[in-house]
Amino acid sequence: FFLLALLEESGYLARAALVMDRLLQRVGLPGQAFVPLLSAHACAIPAIMSTRIIDDRRDRLVTILVAPLMSCSARVPVYAMVVAMLFPNRPVAAALTFTGAYALGVIAALGAAWALKRTILPGESRPLVIELPNYRRPSIRNALVETVDRAWQFVQNAGTTLLVISLVLWALATYPKTDLAALPVAQQQTFAELEADGDAEAAERLLAQASLERSLAGRLGGLMQPVFEPLGFDWKMTVGVVTSFAAREVIVSTLSILYGLGEEGDEASLLDALTASTDADGAPVFTTATCLSLLVFYVLAMQCLPTQAVTKRETGGWKWPLFQLGYMSVLAYVAALATHQIALLWA
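Basis of the calculations
Residues numbered from 1 in each chain as written. Predicted model: local features only at pLDDT ≥ 70, side-chain atom pairs only at ≥ 80, totals over all residues. Heavy atoms only, no water. Helix = DSSP H or I, 4+ residues; strand = E, 2+ residues; numbered from the N terminus. Rg over C-alpha atoms; globule rule 2.2 N^0.38 Å. Buried < 20%, exposed > 50% of the residue type's maximum accessible area, 1.4 Å probe, protein only. Contact = heavy atoms within 4.5 Å. Areas by Shrake-Rupley, 256 points an atom, 1.4 Å probe, with all protein chains shown as cover. Core = buried A, V, L, I, M, F, W, Y, C linked by side-chain atoms within 4.5 Å. Axes fitted to C-alpha atoms, helices over the stretch in contact; angles between N-to-C directions. Parallel < 35°, antiparallel > 145°, perpendicular 65-115°, else oblique. Left-handed = near helix turned anticlockwise from the far one by under 90°. Nonpolar A, V, L, I, M, F, W, Y, C, P; charged D, E, K, R; others polar. Expected span 1.5 Å × (residues − 1).

> How would you summarise the overall build of the chain if you had to cite specific residues and measurements?
When its secondary structure is counted, the chain shows 17 helices and 0 strands. Here the chain has a C-alpha radius of gyration of 22 Å; the compact-globule value for 347 residues is 20 Å, and the two agree. Across the 347 residues that make up the chain, the buried fraction comes to 46%. For the chain, restricting intrachain contacts to residue pairs at least 6 apart in sequence, the fraction spanning at least 24 positions comes to 71%. Here the chain has roughly 17400 Å² of accessible surface; of this, 64% comes from carbon and sulfur atoms.

This is the structure in structure tokens:
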């Protein structure tokens, strides 16, 4: 918010919107959509809230529906994890893949806007008519006041929703509680051996791993695993997908627990565990095809229920949030499936 306020104060954002107007008009978006789409790279929630600057309701609705396709900061930990597995010793290839993930989000957003304006939301966008302000040195004071105001609006409009959804998903990942007596005999013996060796931390990680596996979220992931199997996902990745509806980056901590590293497991240990993981037949779980499929899925999927709640608030009902969830989920699944199959053929 602060950096955007500085750009706005300097007179740059108005010019950027004018420059982008011709390109955005071609895909059915107004020039004013540039600012929400830019801010969506930080978070889709304030981006959707900022679409209020767009006067035409149809243009505003299209912008709201495509804004979550932009790669927000919550996706960065997932991108980093996948890219590190794909190219551990090739920094240039890793950087290009990381950049490609951002580019895919932008292309998907523009393509979705073009499709929406030619199907369910037909009509031409209004041409941008704007009085360009002079370039000026931004006022730090005004930027701070604007930042505080927007941040407080975010807390009021989205903070309560975030809290409620986080609590619900925490409950799904925590209950029903699993005690030591409910574990299989082999796991009980392992637990006892770890405690006898004085490794209480490893014993606690084992219990946390078993608890998450038997929680409602873990069971739901197990039920959904056949759906995600064509994408190359095993049941652990599917559980990660389920829990990441709270926030996309939650998949990292979820996988850390499921692989016995604890919620605060360091990145190097997690990457080693993921790279070394195998299925029942001894084949690697995270192959190149699976990693690319996972990356594409997280670029395109709507895995942020708080964003859905804000979309509902801004559109006045559940019709458009459910449509947004549906089309993004289908797009992500089909694109990830195609990526997985092509990568297998290429290999």
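Moving on, there is more to tell.
> I'd like to hear about the nonpolar core, residue by residue, with values.
With 70 residues, the main nonpolar core has F286, L294 and F297 as its most contacted residues. Once you skip the residues sitting within four places of it in the chain, L294 turns out to touch M81, V82, F233, M237, I251 and F286. In terms of nonpolar packing, the next biggest core, distinct from the first, is built from 6 residues, F191, A203, L207 and A210 among them.

> Please set out the packing of helix 12 (residues 235–243) against helix 13 (residues 250–258) residue by residue, giving values where relevant.
The geometry of helix 12 relative to helix 13 is characterised by a closest axis approach of 8 Å and an angle of 140° between their N-to-C directions. The angle between the axes of helix 12 and helix 13 places the two elements in the oblique class. Helix 13 is crossed by helix 12, and the crossing has right-handed handedness. Taken together, the residues of helix 13 that come into contact with helix 12 (itself represented by W235, K236, M237, V239, G240, V241 and T243) are V250, I251, T254, L255 and L258. Within the contact of helix 12 with helix 13, the residues separate by chemical class into 8 nonpolar, 3 polar and 1 charged.

> How would you sum up helix 10 (residues 200–214)? Please name residues and give values.
For helix 10, with 15 residues, the first-to-last C-alpha span of 21 Å sits near the 21 Å given by 1.5 Å per residue. All buried positions along helix 10 are accounted for by A202, A203, L206, L207, Q209, A210, S211 and L212.

Everything listed here is a matter of geometry and, on its own, says nothing about what the molecule does.
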